[in-house]
Structures are given as structure tokens and as C-alpha cells.
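# Remarks on the overall topology
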Amino acid sequence: NFSHDDESFRIWDVVTGQEEDRRMDWEETMQWATPHAIQFFAVVVTCFYSYCLAHFGPEFGVQMAWSFVVCLASLFMPKLVEPIAVGAIAGMSSNNDPRVIPNAMWITFPAIVAGLLWLPMNDYDLFKGNGGRYGMVGFLATNIALLTVPEAAPK
């Protein structure tokens with residue numbers, strides 16, 4: 001019997017070509033899962049933060065809001081700047097003219113979509129370049145939200 005924080009599972013050993021029983025302790029599990037969970041969480045939270053800063057905070061505007069969020073991230077969390085930039089760009093959707101996201105509640109959907117799109121983009125180095133993939137993920141997340149949720153579409 002294993003303790004509550006251990007898991008037993010069968011893995012395929014690439015070197016020997018055979019299956020074997022393996023125990024994964026909590027630290028190994030967290031090493032595998034933590035980067036993805038933290039990146040997803042960073043995208044979602046900064047999407048909300050950027051949106052709320054642009055629309056409910058001081059008179060920032062969407063461009064200054066996402067720039068401010070990314071600058072803060074580069075100072076305090078340099079290893080998470082990429083997912084934070086993705087979330088901040090996805091959160092710069094407008095609720096003014098043109099009205100893209102009607103209120104802060106609707107930003108949940110593009111935030112989750114951006115987080116889900118970012119993880120494979122980062123893992124497989126898709127569209128790696130000078131920041132184009134950050135904007136592309138934000139653009140796709142917002143447009144998927146517009147196509148999926150009719151109330152969020154501009155009138």
C-alpha cells in the first residue's frame with residue numbers, strides 16, 4: 001500500500017522497451033504538473049487583471065493596461081513573462097466602441113481559451129518569434145469567444 005501522496009502506475013521505459021511499475025512521489029508529480037498549472041493560472045489571472053485595469057481602474061486604456069502588467073511581470077516574475085504577456089494581451093479586449101467583451105464576467109471565456117491555447121504553443125514552440133504568438137493567442141481567444149457566445153458579439 002502506498003501513502004496518500006504516492007501513486008503507482010505503469011510506464012513504458014523507452015531505453016529497455018519494457019513496461020515497469022513506477023512510484024511517483026509528490027515532488028515528482030509537482031515537477032511535471034506545476035509548470036503547466038502555473039502558466040495556465042498566470043494567463044487567466046493576468047487576463048482578468050489587464051481587463052479590469054483597463055476598464056475599472058485609473059484611466060489607463062487597454063494599451064497601457066497590458067503594457068503595465070507585462071512590465072510588472074518582467075520586474076517581479078521574469079520566468080513567467082511569456083504567459084503573463086499572453087493573458088494581458090487577451091485581456092485587452094474592449095468593452096467600449098467597438099464592444100467586444102460586455103463586462104468582466106465575459107472575460108472568463110477568452111481567459112480560459114487563451115490559457116488552453118498557450119500551453120501547446122509553449123510546449124511545442126509553435127510560432128516562436130518576437131512576440132507574434134502572444135498576440136495571436138489573445139486574438140484567437142477573443143475571436144473564439146465572439147463566435148461561441150453570441151451575447152459577447154458587437155451589436
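This one's a predicted model, so the numbers in the text were calculated from it and none came from an experiment. Here the residue index of a chain counts from 1 through its sequence in written order. Two thresholds apply to this predicted model, a pLDDT of at least 70 for residue-level local features and 80 or more for giving and counting side-chain atom pairs, whereas whole-chain, interface and lining totals are computed over all residues. With hydrogens and water excluded, all non-hydrogen atoms of the structure serve as input to the side-chain values.

## Observations regarding the side chain of Gln39
Inspection of the secondary structure puts Gln39 in helix 1 (residues 26-55). Buried means the residue's accessible area, taken with a 1.4 Å probe over protein chains only, is under 20% of the maximum for its type, while exposed means over 50%, and partly exposed covers the values in between. What makes Gln39 buried here is its relative accessible area of 16%. Contacts are residue-level and defined by heavy atoms, with any inter-residue pair within 4.5 Å sufficient. If we ignore the near neighbours within four places in the chain, the residues touching Gln39 are Leu80, Pro83, Trp118, Leu119 and Asn122. The helix count covers DSSP runs of H or I at least four residues long, the strand count covers runs of E at least two residues long, and both are numbered beginning at the N terminus.

## Quick look at the environment of Ala141
Note on placement: Ala141 falls in helix 5 (residues 132-148). Residue class for Ala141 comes out buried when judged on its relative accessible area of 0%. Measuring from C-alpha to C-alpha, the distance between Ala141 and Ile112 comes to 8.2 Å, with 29 residues separating the pair along the chain. Non-local contacts of Ala141, meaning those with residues more than four positions away in its chain, are made with Pro110, Val113, Ala114 and Leu117.

## Section: the confidence of the model for the protein chain
Per residue, pLDDT captures the predictor's confidence, and it can take any value from 0 to 100. Per-residue confidence for the protein chain gives a mean pLDDT of 79; residues scoring 70 or more make up 71%. Mean pLDDT values for the elements of the protein chain range from 53 in strand 1 (residues 7-13) up to 92 in helix 3 (residues 81-90). This model gives residues 1-7 a pLDDT under 50, and the stretch forms 12 contacts once residues within four places in sequence are excluded.

## Considering the environment of Phe60
By secondary structure assignment, the location of Phe60 is in the loop between helix 1 and helix 2 (62-76). Exposure remark for Phe60: the relative accessible area of 26% places this residue in the partly exposed category. Not counting the four nearest positions on each side in its chain, Phe60 is found in contact with Leu53, Ala65 and Phe68.

## Here we look at the packing of helix 3 against helix 4 (residues 108-123)
The N-to-C vectors of helix 3 and helix 4 enclose an angle of 145°; their axes lie 10 Å apart at closest approach. For the crossing formed where helix 3 meets helix 4, the hand is right-handed. For the pair helix 3 and helix 4, contact is made by Glu82, Pro83, Val86 and Ala90 and by Ala114, Trp118 and Asn122, respectively. Axis angles are defined between N-to-C directions and span 0 to 180 degrees, where every axis is a line fitted to C-alpha atoms and, for a helix, only to the segment in contact. In this scheme, a crossing is called left-handed if the near helix is turned counterclockwise away from the far one by less than a right angle; it is called right-handed if the turn is clockwise.

## Quick notes on the packing of helix 4 against helix 5
The geometry of a pair of packed helices is captured by two quantities: the angle between their axes and the separation between those axes. Where helix 4 contacts helix 5, the axes come no closer than 8 Å and their chain directions differ by 140°. The angle between the axes of helix 4 and helix 5 places the two elements in the oblique class. Of the two elements, helix 4 crosses helix 5, and the hand of that crossing is right-handed. Contacts between helix 4 and helix 5 involve Phe109, Pro110, Val113, Ala114, Leu117, Trp118, Met121 and Asn122 from the former and Arg133, Tyr134, Met136, Val137, Leu140, Ala141, Thr142, Ile144, Ala145 and Thr148 from the latter. Comment on the angle field: the value is read as roughly parallel under 35 degrees, roughly antiparallel over 145, roughly perpendicular from 65 to 115, and oblique elsewhere.

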